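Per-entry structural report
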Amino acid sequence: MLQILERLQAFGEFEIVHFGDKVILEEPIERWPICDCLIAFYSSGYPLEKAEAYAALRKPFLVNELGQQHLLHDRREVYERLEMFGIPVPRYALVNREFPNQELDYFVEEEDFIEVHGNKFWKPFVEKPVHGDDHGIMIYYPSSAGGGMKELFRKVGNRSSEFHQEVRRVRREGSYIYEEFMPTGGTDVKVYTVGPEYAHAEARKSPVVDGVVMRNPDGKEVRYPVLLTPMEKEISREICIAFQQAVCGFDLLRSEGRSYVCDVNGWSFVKNSYKYYDDAACVLRKMFLDAKAPHLSSTIPPILPWKVNEPVQPSEGLTRQGSGIIGTFGQSEELRCVIAIIRHGDRTPKQKVKLKVTEEKLLNLMLKYNGGKPRAETKLKSAVQLQDLLDATRILVPRIRPGRESDSEAEDIEHAEKLRQVKAVLEEGGHFSGIYRKVQLKPLKWVKVAKSNGEGEDEKPVEALMILKYGGVLTHAGRNQAEELGRYFRNNMYPGEGTGLLRLHSTYRHDLKIYSSDEGRVQMSAAAFAKGLLDLEGQLTPILVSLVSKDSSMLDGLENASSEMEEAKARLNEIITSGIKSVNSNPEKPWMVDGAGVHPNASELLPELVKLTKKVTEQVRLLAKDESEELAEASSTGVILPYDQAKALGKTNIDVDRIAAGLPCGSEGFLLMFARWRKLQRDLYNERKERFDITQIPDVYDSCKYDLLHNAHLNLEGLDELFKVAQLLADGVIPNEYGINPKQKLKIGSKIARRLLGKILIDLRNTREEAISVAELKSAQDINPSVPIGGREEIDQRFKSQSKMDLAGKGSFTSEKSMDQEDDEDKETKYRLDPKYANVKTPERHVRTRLYFTSESHIHSLMNVLRYCNLDESLQGEDSLVCDSALERLCKTKELDYMSQIVLRLFENTEVALEDPKRFRIEMTFSRGADLSPLEGNDSEAASFHQEHTLPIMGPERLQEVGSCLTLEMMEKMIRQFAMPAEDFPPPSIPQGFSGYFSKSAAVLERLVNLWPFNKH
């Protein structure tokens, strides 16, 4: 404020009078100084009514109208005013209470949503007190993301929010506004107006992500000036007019390509921006002169009076960056895009229990949750549903195990064991979450029963199949691995400018989007990676909800290739069980034979595998027997407590107490550990039919590796020998499940990864088009310096028109797209740093990052397309995208383990002509992930693995020869036909999030658009 007043005074046209607290608070208004223009704004303890009386008496020009400032104290009135002027706000509802804890018939709260006057708000949603000065804002998270609440507050030290895992219920002590949570990519925008024609915007790290305030060396919060879009400038103008506040701050949420106002603060100024102080002083001067001295000229002098004796600042040179991994291509190369496809981190083994149920309690539960339809199946995922199932199974599970008196009871004993397993699974881990456990109930048999009114008959189910899927949970080691890989990316993938990625990201020059499949372990890996990449702190739930979008159609599922995979497995079974040695007709290329990698003595290893599996299972059975007897004693005397749903979503450290007590790591008890091994033993070899099931080999290997890493302290005899045998067999089975030879691998890979490949090509093409637009504008300015570069808006406009021209002229892959998709391109390039106000060396530098988190199947599929695409008939004669030495290494790489990744980086060589294909070069690397045996390593390394239960992630390996140049044009040519064409992608919609996540209807959006007066002209 003082900076601006000093500048106003320097013009020599104004006398500045400070009223002071004593005058304002103690003197009557008649004795206040008389002035032409009044700057007055409310703050705590300020007598606003007294100032209004003074303004009525003396009639000065008011910069900010005083009466309207009362509105800002009540968020309800602020939102009402915004809507009256057609300014977009998040979808919201009001809950008004006359006294604390008042019960309201229009307000309903369920586990994952609230309902206000019939309007549902699914979690995540925001809860704001109606009083504008109460900054206690809460965000509630869905159980599918782990639940809990984040409390936002005015900055205290380095914190602006705290996460409370155990809080699930909303507040009831007052009146609140409830509104949809808007995913903004972890950034907030603060806008500062000085009159309706001037607005300055700054971006800062949002408190909803981890609550840690980023500060510069002077201790001030780090903010970066950003450009406003034309629509946002109109919003700024409308807010000035609506609230009659010339100097006004407000908060913008940029979400899914649209902007919403979520708070209006009134009088606010930018801190630490001399350019802004200059602008504000000039705008206010014109405002005052126009109001009170229109006869004086308000033209700004060529040199501002306070700048006459100011020394000229030397401009800093631009920094450049080379690439590094596959040789340096000179200082003229700039990184433009990073695309990574990453497998999730270390997980517990995936499990499934199937049992037929006839118990009435379970059948009634099925009817309760399927709407009473006798033939409809039910899925139970929510905490409430799983609690109901747990209550039912606790009653049904017999307290004491029956002895094996006769064979006729064998089935009953088996059924009771499975019910006991269901109960143990539901009690595992201390909290319910659909991210971990799913139960399906499918009706199998029905009987006819008379209707209750006596008219006709109804069907009633009498038997159902219960399928419980559990396990596959990201472990503490998996979270650590993902976070560590995120840190590695931050430090190594983005060369150049000082603090590198973090500075790029916070200055709107880093366009980051993170996608995940539907699986909980994949979502949590993505959140942990984002935590390491962006140097965040705290729990994963807020990070997951703020930064990760789910896209199961792109990153989940094998349905498209199921028949080809069955074919591959059948051929693989033949090769392994027959004992036929494969003959390599091409010794120089061992990867070209059928069943490459299968152990030559595989058929002899199978009986050994079965024998060792039995040995381990028997040891776990004895441990489970002891645990079962202890539990039976405890439960016969103790009261069963209600289930605790509020335990933390998962630790990042080992539970030392459990391990010291000789219990399995994590939340798995011996009963479930035994169930896991017993199922493997039964499924691996059918004794009655004398038949091996080779599809169980990866599961045996998975269980061995898990127990060697996490349960080595149980000292299971023979586990290490079993691991060695299972690894020899799994090394042949796993890669060949995705195709028995390169041609089949290509066919299966292109079916599974088709959509992902299409999206990668769109990412690369969008990056290229934008880079070309920036380069053309710069060269136009170099030729004619009078051509201004008006920041990103012109570039975006050029980028869009360029894209449209390209779309009209290109072939199948980039054919015409819908208008919605062009809006989507605009959405991706809209928000940018404002170079006029930014203290940044390279404001035009911009990097796009796309991260795709998925499972093993998609990593194998993508790798198979990249290395074998040249085998397609249409590309005969072309070399593989992957060089021979890398093909050989990949042939020897049997497993793409946890956190394995394929990384594509796009570089632009700014010294090469725009039309030269070599302008855009792609560098491909891959990492095998945590591909190290728990038995490997020297003594100190092995001790560290066992202590931390975490295997290290292997570094990146080249897929191209050093110095080779793979152009983007060649990459497109080679993989275009295996990728989903751009026109087949559905129009962009709100990404599928958690249940009900941000479900804005088209009608609401249309209403918002129609409210804009300037859209109609």
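It should be noted that the structure appears before, not after, this text.
Residues numbered from 1 in each chain as written. Predicted model: local features only at pLDDT ≥ 70, side-chain atom pairs only at ≥ 80, totals over all residues. Heavy atoms only, no water.

1. Observations regarding the overall build of the protein chain
In terms of regular secondary structure, the protein chain is built from 29 helices and 30 strands. Among the 1017 residues that make up the protein chain, the fraction classed as buried is 54%. When contacts within the protein chain are restricted to residue pairs at least 6 apart in sequence, those whose partners lie at least 24 apart make up 73%. Entry remark: accessible area of the protein chain is about 45,100 Å², with carbon and sulfur atoms responsible for 50%. (Helix = DSSP H or I, 4+ residues; strand = E, 2+ residues; numbered from the N terminus. Buried < 20%, exposed > 50% of the residue type's maximum accessible area, 1.4 Å probe, protein only. Contact = heavy atoms within 4.5 Å. Areas by Shrake-Rupley, 256 points an atom, 1.4 Å probe, with all protein chains shown as cover.)

2. A few points about the pattern of salt bridges
A complete count under the given rule lists 66 salt bridges for this structure. Measuring nitrogen to oxygen at the nearest pair gives 2.7 Å for the salt bridge that ties E162 to R159. Since its relative accessible area comes to 30%, E162 is described here as partly exposed. Close ionic contact of K368 with D388 constitutes a salt bridge, the shortest N to O distance being 2.6 Å. (Salt bridge = Lys/Arg side-chain N within 4 Å of Asp/Glu carboxyl O.)

3. Description of the side chain of E483
Following the sequence through the fold, E483 ends up in helix α10 (residues 476-492). The exposure class of E483 is buried, given its relative accessible area of 15%. Contacts of E483, omitting those with residues within four sequence positions, involve A528, F529, K531 and G532.

4. Brief notes about the packing of α10 against helix α12 (residues 520-533)
Interhelical geometry of α10 versus α12 gives an angle of 40° and a closest axis separation of 6 Å. In terms of orientation, α10 and α12 fall into the oblique class. Between α10 and α12 the crossing geometry is right-handed. Between α10 and α12, the contacting residues are R479, A482, E483, L485, G486, R487, F489 and R490 on the first element and S525, A528, F529, K531, G532 and L533 on the second. (Axes fitted to C-alpha atoms, helices over the stretch in contact; angles between N-to-C directions. Parallel < 35°, antiparallel > 145°, perpendicular 65-115°, else oblique. Left-handed = near helix turned anticlockwise from the far one by under 90°.)

5. What to know about the sheet that holds strand β5 (residues 113-116)
Strands sit in the order β4-β5-β6 across an open sheet of 3 strands; the sheet is antiparallel. Every other strand in the sheet has two partners, leaving β4 (107-109) and β6 (119-122) as the edge strands with one partner each. With strand direction ignored, the average angle separating the axes of adjacent strands in the sheet is 15°. As paired strands, β5 and β6 are joined by 4 bridges and run antiparallel to one another. (Pairing = 2+ DSSP bridges.)

6. What about a positive patch on the surface?
Side chains of K352, K354, K379, K381, K438 and K469 sit close together on the surface and give a patch of like positive charge. For K352, the location among the structural elements is in strand β18 (residues 350-357). When its relative accessible area of 37% is taken as the criterion, K352 is described as partly exposed. (Patch = residues over 30% accessible without salt bridge, like charges linked within 9 Å, V, L, I, M, F, W, Y side chains within 5 Å. Lys, Arg positive; Asp, Glu negative; His and termini not counted. Charge placed at Lys NZ, Arg CZ, Asp CG, Glu CD.)

7. Structural notes on the packing of helix α19 (residues 697-710) against helix α20 (residues 719-736)
With their axes 8 Å apart at the nearest point, α19 and α20 run at an angle of 140° to one another. Judged on the interaxial angle alone, α20 and α19 are oblique. Where α19 crosses over α20, the two elements pack in a sense that is left-handed. Residue-level inspection shows I697, P698, V700, Y701, C704, K705, D707 and L708 of α19 in contact with α20, the latter providing L719, D720, L722, F723, A726, Q727, L729, A730, V733 and I734. In terms of residue class, the contact of α19 with α20 is made up of 14 nonpolar, 1 polar and 3 charged. (Nonpolar A, V, L, I, M, F, W, Y, C, P; charged D, E, K, R; others polar.)

8. Quick look at empty space enclosed by the protein
Within the structure shown, the criterion is met by 4 cavities of 30 Å³ or more. Volume-wise, the largest cavity comes out at about 180 Å³. Around the largest cavity, the lining comprises 15 residues; the ones closest to its centre are P735, R867, L890, C891 and T893. For the lining of the largest cavity, the secondary structure elements donating two or more residues are α20, α25 (856-868) and α26 (884-892). (1 Å grid on protein atoms, 1.4 Å probe; cavity = no way out; pocket = protein on both sides within 12 Å on 5 of 7 lines; lining within 4 Å. Points joined across faces, edges and corners; volume = space filled by probe spheres on them.)

9. Overview of the nonpolar core
Core analysis: the biggest nonpolar cluster contains 49 residues, and L881, M924, M971 and I975 have the highest contact counts within it. Of all the secondary-structure elements, those providing two or more residues to this core are β17 (333-343), α14 (552-555), α22 (754-783), α25, α26, β27 (901-909), β28 (920-927) and α28 (968-975). Here this core takes 7 residues from α22, the largest share from any one element. Dropping the residues within four chain positions of it, L881 is found in contact with L866, C869, M924, L959, Q960, L966, M971, M974 and I975. Membership of the second largest hydrophobic core comes to 44 residues, among which are A145, V208, V522 and L547. (Core = buried A, V, L, I, M, F, W, Y, C linked by side-chain atoms within 4.5 Å.)

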